[in-house]
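What follows is the residue order along each chain.
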Amino acid sequence: FARRAFWATFGVVLVPALVLFWALPAAVALGAFAAERAGGQLDVLATLPGVSPAHAFFAWWLAAGGWLLANAACTWLFFAAVLAQSTALAPTLALLLMALGLAPLCWLLCGGRGADQSIVLAVPLAAFLLALPGLLYAELAFDCQRSAAAEAALALLSPPAAAALLLRLVFAHEANFAGVGWRSALPASTLTVRD
């Protein structure tokens, strides 16, 4: 009983925390890039011989990629320590793909000439709001109402909702002493994760 109560509470709190954990580095990097652009540092760099704005763009993507890999390593180590029955790679990969799916949204938010402070707040807020359908779907839809098509559509429309659905599934299986792996059957269909 204690394990089930732990995962029920832990799973509800951990999913939004992980979504925000993965959205904050993007928000901070995007805010710094917007401040650099607004301050004119990119224009100054473009006047140097051999340096173009593409170099600054590449440097920011390289820094963001390093940050993503560090986040992935920390997340994998966390899940490897916490999950007793499930593989740590599935939730780590879901969060990594969520972060990659948030990249176009971040650039869209940065495209408007808003202040860098508003961008730092907008990205985590957008990630949390996009994760809400995945958080609420698992609670509000009964097992007979769940369908693979609805879950696939929700996952394709919102990467944070897809990560939230997978994390809730992993935590629910952990509460019942059942692990989630690459060959686990999905509750909404007869398909396996690998199919």
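Right above here is the structure, for reference.
Structure report, in brief. Owing to the predicted nature of the structure, the values given are computational and were not obtained by experimental measurement.

**Quick notes on helix H1 (residues 2-39)**
Between the first and last C-alpha of H1 there are 54 Å, a value that for 38 residues agrees with the 56 Å anticipated at 1.5 Å per step. Along its length, H1 reaches its greatest deviation from straightness, about 30 degrees, at Gly11.

**Some points on the packing of aromatic side chains**
In this description, a pair of aromatic rings is defined by centroid distance and the angle of the planes. Summed over the entire model, instances satisfying the criterion amount to two aromatic pairs. Ring plane angle 40 degrees and centroid distance 6.4 Å describe the contact between Phe79 and Phe171, whose orientation is recorded as tilted. Of this pair, Phe79 sits in helix H3 (residues 53-82) while Phe171 sits in helix H7 (residues 159-175), and the two are 92 residues apart along the sequence. A relative accessible area of 1% means that Phe79 is categorised as buried. Using a relative accessible area of 3% as the deciding quantity, one classes Phe171 as buried. One aromatic cluster is present, built from ring pairs that chain together Phe78, Phe79 and Phe171.

**Let's talk about a nonpolar patch on the surface**
Among the surface-exposed residues, Trp76, Leu77, Leu89, Leu93, Leu97 and Leu100 lie close enough to one another that they form a single nonpolar patch of about 560 Å² accessible area. Elements with a contribution of two residues or more to the nonpolar patch: H3 and helix H4 (89-111). In terms of residue count, H4 provides more of the nonpolar patch than any other element does, four residues in total. On the secondary structure map, Leu97 appears in helix H4.

**Some remarks on the environment of Leu24**
Mapped onto the fold, Leu24 is located in helix H1. Residue class for Leu24 comes out partly exposed when judged on its relative accessible area of 44%. When the C-alpha positions of Leu24 and Ala127 are compared, they lie 9.5 Å apart, and in sequence the two are 103 residues distant.

**Things to note about the environment of Leu105**
Residue placement: Leu105 occurs in helix H4. Each C-alpha atom, one on Leu105 and one on Ala126, is 8.6 Å from the other, the two residues being 21 residues apart in sequence. If we skip the residues at most four places from it in the chain, Leu105 touches Ala126 and Leu130.

**Notes on the packing of H1 against H7**
Where H1 contacts H7, the two axes come as close as 9 Å, and the packing angle between them is 165 degrees. Looking at the two axes, H1 sits roughly antiparallel to H7. By crossing handedness, the relation of H1 to H7 is classed as right-handed. Residues Arg3, Arg4, Trp7, Gly11, Val12, Leu14, Val15 and Leu18 of H1 touch H7, and the partners they reach there are Ala164, Leu167, Arg168, Phe171, Glu174 and Ala175. Grouping the amino acids of the contact of H1 with H7 by side-chain chemistry returns nine nonpolar, one polar and four charged.

**Concerning the side chain of Asn71**
By the element assignment, Asn71 lies in helix H3. When sequence neighbours within four positions are dropped, the list of residues in contact with Asn71 reads Phe21, Trp22 and Pro25.

Parameters and conventions
Residues numbered from 1 in each chain as written. Predicted model: local features only at pLDDT ≥ 70, side-chain atom pairs only at ≥ 80, totals over all residues. Heavy atoms only, no water. Helix = DSSP H or I, 4+ residues; strand = E, 2+ residues; numbered from the N terminus. Expected span 1.5 Å × (residues − 1). Bend = angle between axes of the 7 residues up to and from the residue. Phe/Tyr/Trp six-rings, centres within 6.5 Å; stacked < 30°, edge-to-face > 60°. Buried < 20%, exposed > 50% of the residue type's maximum accessible area, 1.4 Å probe, protein only. Patch = residues over 30% accessible without salt bridge, like charges linked within 9 Å, V, L, I, M, F, W, Y side chains within 5 Å. Areas by Shrake-Rupley, 256 points an atom, 1.4 Å probe, with all protein chains shown as cover. Salt bridge = Lys/Arg side-chain N within 4 Å of Asp/Glu carboxyl O. Contact = heavy atoms within 4.5 Å. Axes fitted to C-alpha atoms, helices over the stretch in contact; angles between N-to-C directions. Parallel < 35°, antiparallel > 145°, perpendicular 65-115°, else oblique. Left-handed = near helix turned anticlockwise from the far one by under 90°. Nonpolar A, V, L, I, M, F, W, Y, C, P; charged D, E, K, R; others polar.

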